[in-house]
Amino acid sequence: MMKRLIVGMVFCGVLAGSAALAQDDQAVLQDRRAPVVLRPFEKTRILNDMREYLKGLQDILSALTREDMVAVEVRARALGTINIYETSLMFPTVSGVKFRELSALVHEEFDAIADDARKGKGSKVILAQLALTMKRCTSCHESFRLTEMAHSR
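Rules used in this analysis
Residues numbered from 1 in each chain as written. Predicted model: local features only at pLDDT ≥ 70, side-chain atom pairs only at ≥ 80, totals over all residues. Heavy atoms only, no water. Helix = DSSP H or I, 4+ residues; strand = E, 2+ residues; numbered from the N terminus. Buried < 20%, exposed > 50% of the residue type's maximum accessible area, 1.4 Å probe, protein only. Contact = heavy atoms within 4.5 Å. Areas by Shrake-Rupley, 256 points an atom, 1.4 Å probe, with all protein chains shown as cover. Expected span 1.5 Å × (residues − 1). Arc of directions from axis to C-beta. Axes fitted to C-alpha atoms, helices over the stretch in contact; angles between N-to-C directions. Parallel < 35°, antiparallel > 145°, perpendicular 65-115°, else oblique. Left-handed = near helix turned anticlockwise from the far one by under 90°. Nonpolar A, V, L, I, M, F, W, Y, C, P; charged D, E, K, R; others polar.

A. Structural detail: the overall build of the chain. Along its length, the chain carries 5 helices and 2 strands. Within the span of the chain, comprising 153 residues, buried residues form 30% of the whole. For the chain, restricting intrachain contacts to residue pairs at least 6 apart in sequence, the fraction spanning at least 24 positions comes to 76%. Carbon and sulfur atoms provide 62% of the accessible area of the chain, an area that totals close to 10200 Å².

B. Main features of helix H5 (residues 123-143). Look at H5: 30 Å from first C-alpha to last across 21 residues, which is about the 30 Å you get at 1.5 Å a residue. Looking only at H5, the buried set comprises Ser123, Ile126, Gln129, Leu130, Thr133, Cys137 and Cys140. The buried residues of H5 occupy an angular sector of 125° when projected down its axis, which confines them to one face. Projecting away from the buried face of H5 at angles above 90 degrees are the exposed residues Lys124, Lys135 and Glu142. In this structure, the buried side of H5 is in contact with helix H2 (40-65), helix H3 (69-78), helix H4 (94-118) and strand E2 (144-148).

C. Summary view of the packing of H2 against H4. Remark: H2 packs on H4, axes separated minimally by 13 Å, with the N-to-C direction vectors making an angle of 25°. Taken together, the axes of H2 and H4 are roughly parallel relative to one another. The handedness of the crossing between H2 and H4 is left-handed. Taken together, the residues of H4 that come into contact with H2 (itself represented by Ile46, Met50, Tyr53, Leu57 and Ile60) are Phe99, Ser103, His107 and Phe110. Considering only residue class, the contact of H2 with H4 consists of 7 nonpolar, 2 polar and no charged.

And the structure:
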């Protein structure tokens, strides 16, 4: 009797695990984020820029641990509005325009971080600004997906 109970429990566990995996597969197939339709080179550039943001955030956080506001300013400025590339949206969909507007806000926030670092504002102020900027990054990644022109459906 005990063996049947154990076998039954194992069987139920396997079924539950299979159902969970199937749900995960469905979630991947049903990506409800708004597409931002780009030419292939634009998508590559934006993805490279996003990796640069991550590296920049890491550098800024590292500089903050050393209270090195000069390094914070330099790195934040490099991610600011002077870094916005002049790529017009070939496919100016509503989601593409919103994506672009959010991107511009993030660049402006890095400028504000650089300005505050130059003014000698404390690391708590800078960390609060970084938290807001990261919130925008997270919101963007939850709302939009980059897709190439040929794969826009």
